[in-house]
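Tertiary structure, described
Spelled out, the chains give:
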Amino acid sequence: MSKTLVAYFSASGVTAKLAKTLASAIGADLHEIRPVKPYSAADLDWTNPKSRSSVEMNDKSFRPAIANRVENMEQYDTVYVGFPIWWYVAPTIIHTFLESYDLTGKTIVPFATSGSSGMGNTCSELAPSCRGAVMKNGRRFSGGARESELRAWAQAL
């Protein structure tokens, strides 16, 4: 088994495509982080302050339930964690994922997709959820990033 995992949450499919390309580029295993309750288009309406995503992102302690777990997480040394940028940070489900495992001694590498937003405070906000791990600086990619670009980034870490 690979000692590297690419885990990702994707609400619209953009991050899923990037995560699959990254996993292929670096020979990693792939895991989709799936919420117990999938997000609908109405849930993702960031212009509606009462939408599910708006409510969740306005409460930093909110932890959406995850429907699936990584089998044998202990086998992985490095975990790339991918997500769309929501409100300049990672969606709260990423905290749920990271806090669900003993990450002691692992390297966590965040990566994100966004139409225009950068990583913002993502890494500093994720750090408390990565107890015992080394967190690398993350990077935002466009949804169409090429395998060669992703491989070069991963090799440079």
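Up top is the structure.
In what follows, the accompanying structure is described. (Residues numbered from 1 in each chain as written. Predicted model: local features only at pLDDT ≥ 70, side-chain atom pairs only at ≥ 80, totals over all residues. Heavy atoms only, no water.)

1. Remarks on the overall build of the protein
Check the secondary structure of the protein and you find 5 helices and 6 strands. The order of helices and strands in the protein, counted from the N terminus, is β-α-β-α-β-α-β-α-β-β-α. Since a compact globule built from 157 residues should have a radius of gyration of about 15 Å, the 15 Å found for the protein is in line with a globular shape. Along the first, second and third principal axes, the C-alpha set of the protein runs to 40 × 30 × 25 Å. Counting across all 157 residues of the protein, residues that qualify as buried make up 48%. Considering only contacts within the protein whose residues lie at least 6 apart along the sequence, 77% involve residues at least 24 apart. (Helix = DSSP H or I, 4+ residues; strand = E, 2+ residues; numbered from the N terminus. Rg over C-alpha atoms; globule rule 2.2 N^0.38 Å. Buried < 20%, exposed > 50% of the residue type's maximum accessible area, 1.4 Å probe, protein only. Contact = heavy atoms within 4.5 Å.)

2. A look at the side chain of Thr-122
On the secondary structure map, Thr-122 appears in helix H4 (residues 122-126). When its relative accessible area of 0% is taken as the criterion, Thr-122 is described as buried. Setting aside residues no more than four positions away along its own chain, Thr-122 makes contact with Phe-83, Ile-85, Tyr-88, Val-89 and Ala-90.

3. Details of the packing of aromatic side chains
All told, the structure shown has 6 aromatic pairs when counted by the stated rule. The interplanar angle of 75 degrees and the centroid separation of 5.1 Å between the aromatic rings of Phe-141 and Trp-153 together place this pair among those described as edge-to-face. Placement of the pair is Phe-141 in strand E6 (residues 139-141) and Trp-153 in helix H5 (residues 147-156), with a sequence separation of 12 residues. By the burial criterion, Phe-141 is buried, and Trp-153 matches it. Ring pairs connect the aromatic residues Phe-9, Tyr-39 and Trp-86, which therefore count as one cluster. The ring of Tyr-39 is capped by Arg-52, whose NZ or CZ atom sits 3.7 Å from the centre of that ring. (Phe/Tyr/Trp six-rings, centres within 6.5 Å; stacked < 30°, edge-to-face > 60°. Lys NZ or Arg CZ within 6 Å of the ring centre and 35° of its normal.)

4. Overview of the pattern of salt bridges
Evaluated as defined, the whole model comprises 6 salt bridges. The partner of Glu-125 in a salt bridge is Lys-60, with the nearest N and O atoms 3.2 Å apart. A residue pair is termed long-range when its members are at least 10 positions apart, and Glu-125 in helix H4 and Lys-60 in the loop between helix H2 (52-57) and strand E3 (78-84) qualify at 65 residues. Overlapping salt bridges, with partners in common, bring together Asp-43, Arg-52 and Glu-56 in one network. (Salt bridge = Lys/Arg side-chain N within 4 Å of Asp/Glu carboxyl O.)

5. Some remarks on the layout of surface pockets
Approximately 440 Å³ is the volume attributed to the largest pocket. Every residue lining the largest pocket is counted, 17 residues in all, and those nearest its centre are Leu-44, Trp-46, Pro-84, Ile-85 and Trp-86. Here the lining of the largest pocket is composed, by residue class, of 9 nonpolar, 8 polar and no charged. (1 Å grid on protein atoms, 1.4 Å probe; cavity = no way out; pocket = protein on both sides within 12 Å on 5 of 7 lines; lining within 4 Å. Points joined across faces, edges and corners; volume = space filled by probe spheres on them. Nonpolar A, V, L, I, M, F, W, Y, C, P; charged D, E, K, R; others polar.)

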